[in-house]
Amino acid sequence: MNNVYDVVVVGGGHAGTEACLASARCGSNTLLVTQKFNTIGQMSCNPSIGGIGKGHLTKEVDALGGVMARAADAAGIHFRTLNKKKGPAVWATRSQADRDLYKAFIQKQVTEQQNLKVFEGEVIDILVKNNSVHEIELDGGERIKSKNVILTAGTFLSGMIHIGNKSFSAGRIDEKASNKLANKMKDLNLMMGRLKTGTPPRLNGDTINYKDLIEQPGDNPRPVFSFIGNSKDQPDQIKCYIARTNEITHDYIKKALSNSPLFNGVITGKGPRYCPSIEDKVTRFSEKLSHQIFLEPEGLNTNLVYPNGISTSLSETDQEIFIRTIHGLENVEIKKYGYAIEYDFFDPRGLTTYLENKKLSGLFMAGQINGTTGYEEAASQGIVAGINAALKSQGKEMWAPSRQDSYIGVMVDDLITQGTPEPYRMFTSRAEHRLFLREDNADQRLTAIGWKLGSVTKKRFDIYNKKQDLIKKELSRLKNTKVFENKKSVLASDLLRRPNASYESLFPLISNYKFADFKTGESCAIELKYEGYIAKQNLEVKRNKKDEGMTLPTKINYNSIKALSTEARENLSLARPQNLRQASRVPGVTPAAISILKVQIKALKNNQKKMA
């Protein structure tokens, strides 16, 4: 191992792997430091990828040349498209993965990536001079020089696991926490806090009675995650099942709450609102008589089953009792107990749009340490941080993803302007331009950007260009081809703009027409449906761009602007937005406050002119 690198990535989870691979693809000499090589790419919670909003992020990571979608295809054993009853803009791909296959795919990519080295070790310090990163220190005393460090420590910083009345230090089960690094980071006087997440017990599938449970087969035909993927490359498929809690389950859990660290005051960190523990569910939604549990196998060669929906921090005894009150699980064997974990995170309002720390040049942060939850959110931040750390190491201009162009941009903007009072999870409802930000066009939105930045390979870019040429040609043909419906002539493109029309609906209406392949045809049909809406949206974006793009001076003293509310002054001082668009997203900043800021910007500019 060398002792000088362009970029060093700390942590080999979903953020860390995307970060190191992106940095290396962009041409920077990169080092990944992780405690154990065999945990790289590990799915420490549910072995699934995608879902509402999360599928969009996965596709965007793929469009930028990332690895998550390809790994999901290589390991996916149960695929579904969610929200199919709604429009294509909110269709969401989700796959259940074989843990071992997923991890093996990620590790292979890391091993084979040029410009990337991996070192097993624990980082105990990130050393800073003149507010800039210059090297890291390992537990064995080694020091590695780098002016660009990406911290992706997940739940490992001061991680504390809770199971009933038992609490112990760990980054995740059976892995030690990064306490030394956490203590050193506190010395840097950055904004930090505590968050909490959890996981359910793992069950022996051979002891589940599936006879009376609801069967949940995968989709046929199966969706594919990667834009360069093929369903033929996916492994064997399995079925999932649905069970439900009941009133007996809820009554027992309520009686056991005094033993729950979540309710007896032991856990102080805020948990994810949209993925609550079963204890949270039975108290917050007391009117509900039952809750769904998705029984999802963890792989093709294991009997472990993940009961999605009953994350818990109750004691082992309480877990044994309440889970056996559930129909189908009366005789189930628990192989691993569920637990809650608390960990340190950094307030993301301390980051720039490049995910670089505002106070410390060269320190990038990605993943759960920025207050997010989920593999997909972590991977998305990882690829942004990896690209930007590489660009900075090469003296190039860094890249800020845009709200208008990507869900990644929505997430980054939300994080750095609003912070995370609770773990942040992506939903399609967070995007104001979601008609444009669809899964199907993620490559159209981002692959050319990725190619320009260096994170997309030439082979990948050539495939993308070929696909776009096919779509362009087919759209042109559809706009110049007439079909006869009810003895009336109509352009094929106009017919496809109708809500329920599909590309296949043209088949019986046009004779002697050489139809495109399914993917090309589907892309054309979706693009035509949204063409008018997107044109209106683009006009709105252009109208707002002038004001939103007004830059806020970096040294502006918000506390001195008495016309702003106390809440607005405090939150603007924390977030330090770069422009009015970001400022408008800060909690407490009203349209009236934006008008006040416009006046301040003009006044500051006039003063600068007078001084000049």
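Heads up: these notes are all about the structure in this document. (Residues numbered from 1 in each chain as written. Predicted model: local features only at pLDDT ≥ 70, side-chain atom pairs only at ≥ 80, totals over all residues. Heavy atoms only, no water.)

**Let's talk about the sheet that holds strand 4 (residues 76–82)**
Item 1. Read across the open sheet, the three strands follow the order 3-5-4; overall the sheet is antiparallel. Each of the sheet's edge strands pairs with one partner strand only, and the pair in question is strand 3 (48–50) and strand 4. The average angle at which neighbouring strand axes cross in this sheet is 15°, direction not considered.
Item 2. Relative to strand 5 (residues 92–97), strand 4 is paired through six bridges, and the arrangement is antiparallel. Each bridged residue has a counterpart across the sheet, and for Thr81 the counterpart in strand 5 is Thr93.
Item 3. Contacts between helix 3 (residues 68–75) and the sheet are confined to strand 3, strand 4 and strand 5, with strand 4 contributing the most and set at about 115° to the helix. (Pairing = 2+ DSSP bridges. Helix = DSSP H or I, 4+ residues; strand = E, 2+ residues; numbered from the N terminus. Axes fitted to C-alpha atoms, helices over the stretch in contact; angles between N-to-C directions. Contact = heavy atoms within 4.5 Å.)

**Examining the pattern of salt bridges**
Item 1. Taken as a whole and judged by the stated rule, the model has 35 salt bridges.
Item 2. The salt bridge involving Asp440 is made with Arg438; its shortest N-O contact spans 2.7 Å. Arg438 matches Asp440 in its accessibility class, with the two residues each being buried.
Item 3. Connected through salt bridges with shared partners, the residues Arg403, Asp413, Asp414, Glu432, Arg581 and Arg585 form a single ionic network. (Salt bridge = Lys/Arg side-chain N within 4 Å of Asp/Glu carboxyl O. Buried < 20%, exposed > 50% of the residue type's maximum accessible area, 1.4 Å probe, protein only.)

**Structural notes on unusual backbone geometry**
Item 1. Pro221 follows Asn220 through a cis peptide bond whose omega is 5°.
Item 2. Structurally, the position occupied by Pro221 is in the loop between strand 15 (214–216) and strand 16 (240–244).
Item 3. Of note in the backbone geometry, Leu355 takes a positive phi value of approximately 65° without being a glycine.
Item 4. Examined against the element boundaries, Leu355 turns out to sit in the loop between strand 20 (339–346) and strand 21 (363–365).

**Remarks on helix 9 (residues 375–393)**
The α-helix winds at 3.6 residues per turn, so residues separated by three or four positions along the chain end up facing the same way.
Item 1. The end-to-end C-alpha distance of helix 9, which contains 19 residues, comes to 27 Å, matching closely the 27 Å that a straight helix rising 1.5 Å per residue would cover.
Item 2. Backbone geometry just downstream of helix 9 places Gly395 in the positive-phi region, at approximately 75°. (Expected span 1.5 Å × (residues − 1).)

**Quick word on the packing of helix 1 (residues 14–25) against helix 9**
Item 1. Two elements in contact, helix 1 and helix 9, have axes whose closest approach is 7 Å; the angle formed by their N-to-C orientations is 30°. One way to sum up the angle between helix 1 and helix 9 is to call them roughly parallel. Handedness of the helix 1/helix 9 crossing: right-handed. Residue-level contacts link His14, Ala15, Glu18, Ala19, Ala22, Ser23 and Arg25 of helix 1 to Tyr375, Ala378, Ala379, Gly382, Ile383, Gly386, Ile387 and Ala390 of helix 9. (Parallel < 35°, antiparallel > 145°, perpendicular 65-115°, else oblique. Left-handed = near helix turned anticlockwise from the far one by under 90°.)

**What to know about the sheet that holds strand 21**
Item 1. Spatial strand order, 6-2-1-10-21: five strands in an open sheet with parallel pairing. Two strands in the sheet have a free side with no partner beyond their single neighbour: strand 6 (116–120) and strand 21. Between one strand axis and the next, the sheet turns through 20° on average, direction left out of account.
Item 2. Lying on the sheet, helix 9 is in contact with strand 1 (7–10), strand 10 (149–151) and strand 21; it crosses strand 21 at an angle near 165°.

**A look at the side chain of Lys529**
Item 1. By the secondary structure assignment, Lys529 is in helix 14 (residues 518–548).
Item 2. In this structure, Lys529 is buried with no salt-bridge partner, the nearest side chain bearing the opposite charge being Glu504 at 8.8 Å. (Lys, Arg positive; Asp, Glu negative; His and termini not counted.)

**Topic: the environment of Asn579**
Item 1. Note on placement: Asn579 falls in the loop between helix 15 (566–575) and helix 16 (580–584).
Item 2. Along the sequence, Asn579 and Leu552 sit 27 residues apart, while their C-alpha atoms lie 5.0 Å from each other.
Item 3. For Asn579, the side chain forms a polar contact with the main-chain nitrogen of Arg581, separated by 3.2 Å.
Item 4. One polar contact links the side chain of Asn579 to the main-chain amide nitrogen of Gln582, over a distance of 2.9 Å. (Polar contact = N/O pair within 3.5 Å; in protein donor to acceptor, adjacent residues only side chain to side chain.)

**So, helix 11 (residues 442–453)**
Item 1. In a regular helix each residue adds 1.5 Å, so 12 residues correspond to 16 Å; helix 11 covers 16 Å between its end C-alpha atoms and thus fits that length.
Item 2. Of all the positions in helix 11, only Ala442, Asp443, Arg445, Leu446, Thr447, Gly450 and Leu453 are classed as buried. In a view along the axis of helix 11, the buried residues occupy a sector of 165°, so they form one face of it.
Item 3. Looking at the buried residues of helix 11, the elements they touch are helix 2 (54–63), helix 9 and helix 12 (458–478).
Item 4. Of the residues flanking the end of helix 11, it is Gly454, one or two places downstream, whose phi is positive at about 105°. (Arc of directions from axis to C-beta.)

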